[in-house]
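Spelled out from the first residue to the last, the chains are:
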Amino acid sequence: MKVTVLTGGVGGAKLVLGLLQVLPAADVTAIVNTGDDFRHIGLHVSPDIDTLLYTLSGKANPALGWGRADESWNFLDTLRAMGGPDWFALGDRDLALHVLRTARLAQGQGLDAITADFARAMGIGAAIVPMTNDCVATQLDTDEGRLDFQHYFVARRCTPHVRQVHFDGADAARPAPGVIAAIHGADAVLVAPSNPFLSIDPLLAVPGIADALVATPAPVVAISPIIAGKAVKGPTAKLMAELGIALANRSIAAHYGAWIDGLVIDLGDDAPPGLAIARTETLMRDHADKARVAQVALDLAASIAG
Ligand code: FO1
């Protein structure tokens, strides 16, 4: 059963890990948000790709939700001592990915080919595909002015009040090779419980991807990021309040619109009208939770297809 999943951030990585417990890795394609990517001290950092690579290879730092578990910080300590920027923590092992990625991009290689090589080197069988090889940068209009994503998310810890979210460069971006085919050719397309406004919307802003989601014959099932009326991690709840969007599944369904066919929601939460719904406990604590949520989403997709 070929499954394509749209993902970004920590929540998305958990769902993909759950999928790999219930499907052969060769059947899974993850299309990953790259709107969080940025240049930091000359290095190209791709946080959502790296979070997924670390999560799927068992190297993720569970406490932090980003970076690696087996990490040391000599580079960062020296950088700080030399007066360099230490607001964005780069671990010694993590640094190897950024250096290698930056060098290969400078040689003209595509982010897709680089990411595929990294996944292979880390023993990951699933296809990990960036949404685009072009530069798309999530930027936020806030009460502190227009902020790049990492400045908002890390340097300012999501404190500024967001008025609007932009995806700079999206209009000129092209889906990475294989992205459209993975959406059209899937037996099911899943939307991970990532932040819809910061992790999924960048994907939809790349011309061609939203149209492919509308046109695909595959059922499209989203897993709601809302759990027990709240949003688990990150700025989703605060952001939705600032954007004037009710923290409810009906808002998620309305935001995604006609291209989703089903929604997996938490046991006690509101069921939006007009969508096929499956209920389960959507908080993913351990591997069993992740596999269960993935299976519920696949079962809903199968029932819609049926
Ligand atoms: N998030 C932080 O809150 N603080 C950091 O210092 C930090 C460093 C970092 C380094 C590499 C990387 O891949 C991710 C990192 N993140 C950090 C997380 C990152 O900002 C987020 O994972 C995504 O951009 C949002 O999902």
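Heads up: the structure comes first, above all this text.
Note that the structure is predicted; figures quoted are calculated from it, not measured.

Re the overall build of the protein chain
Within the protein chain, the secondary structure is distributed over 12 helices and 14 strands. For 306 residues, the compact-globule estimate of 2.2 N^0.38 gives 19 Å, and the protein chain sits close to it at 18 Å. Seen along its three principal axes, the alpha-carbon backbone of the protein chain occupies a region of about 60 × 45 × 40 Å. Counting over 306 residues, the protein chain shows a buried share of 54%. Taking all contacts inside the protein chain whose residues are at least 6 apart in sequence as the whole, residues at least 24 apart take part in 67%. Just so you have it, the protein chain exposes about 12,300 Å², and 56% of that area is on carbon and sulfur atoms.

Let's talk about the pattern of salt bridges
For the structure shown, the criterion picks out 14 salt bridges. Among the salt bridges present, the one from Arg101 reaches Asp50, with a minimum N-O distance of 2.3 Å. Of this pair, Arg101 sits in helix α4 (residues 92–106) while Asp50 sits in helix α2 (residues 47–56), and the two are 51 residues apart along the sequence. Overall, the relative accessible area of 1% leaves Arg101 in the buried class. Judged by its relative accessible area of 4%, Asp50 falls in the buried class. Among the ionic pairs, Asp117 bridges to Arg104, the shortest N-O distance being 2.5 Å. Within this pair, whereas Asp117 is found in helix α5 (residues 111–121), its partner Arg104 is found in helix α4, the two being separated by 13 residues in sequence. When its relative accessible area of 28% is taken as the criterion, Asp117 is described as partly exposed. Shared partners join several salt bridges into a network, and the residues in it are Glu281, Arg285, Asp289 and Arg292.

Some remarks on the side chain of Asp27
Here Asp27 shows up in the loop between α1 (9–22) and β2 (28–32). Among the polar contacts listed, one links the side chain of Asp27 to the side chain of Lys2, at a separation of 3.5 Å. Excluding residues within four positions of it along the chain, Asp27 makes contact with Met1, Lys2 and Val3.

As for the packing of aromatic side chains
Under the counting rule described, the total for this entry stands at five aromatic pairs. Consider the rings of Phe38 and Trp87, whose centres lie 6.0 Å apart with planes at 50°: the pair is tilted. Here Phe38 is found in strand β3 (residues 38–40), whereas its partner Trp87 is found in the loop between α3 (74–81) and α4, with 49 residues between them in sequence. Pairing Phe38 with Phe88 gives two aromatic rings, centres 4.7 Å apart and planes at 75°, and the pair type is edge-to-face. Residue Phe38 is found in strand β3, and its partner Phe88 is found in the loop between α3 and α4; the two are separated by 50 residues along the sequence. Overall, Phe38 belongs to the buried group, its relative accessible area being 16%. Chaining the aromatic ring pairs together yields one cluster made of Phe38, Trp87 and Phe88.

Points about the site of the ligand
Around the ligand, the surrounding shell holds 13 residues, and the nearest of these are Asp36, Asp48, Phe88, Ala89 and Gln150. A distance of 3.2 Å is found between an oxygen atom of the ligand and a side-chain nitrogen or oxygen belonging to Asp48. Within the side chain of Trp66, an N or O atom sits 3.3 Å from a nitrogen atom of the ligand. Out of a free accessible area of 540 Å², the ligand has 92% covered by protein chains. Of the pockets mapped on this structure, the ligand occupies the largest pocket. When residues of the shell around the ligand are traced back to their parent elements, those giving at least two are α2 and α6 (149–155).

Definitions and cut-offs
- Residues numbered from 1 in each chain as written.
- Predicted model: local features only at pLDDT ≥ 70, side-chain atom pairs only at ≥ 80, totals over all residues.
- Heavy atoms only, no water.
- Helix = DSSP H or I, 4+ residues; strand = E, 2+ residues; numbered from the N terminus.
- Rg over C-alpha atoms; globule rule 2.2 N^0.38 Å.
- Buried < 20%, exposed > 50% of the residue type's maximum accessible area, 1.4 Å probe, protein only.
- Contact = heavy atoms within 4.5 Å.
- Areas by Shrake-Rupley, 256 points an atom, 1.4 Å probe, with all protein chains shown as cover.
- Salt bridge = Lys/Arg side-chain N within 4 Å of Asp/Glu carboxyl O.
- Polar contact = N/O pair within 3.5 Å; in protein donor to acceptor, adjacent residues only side chain to side chain.
- Phe/Tyr/Trp six-rings, centres within 6.5 Å; stacked < 30°, edge-to-face > 60°.
- Near = heavy atom within 4 Å.
- 1 Å grid on protein atoms, 1.4 Å probe; cavity = no way out; pocket = protein on both sides within 12 Å on 5 of 7 lines; lining within 4 Å.
- Sits in = over half its atoms within 2 Å of the grid points.

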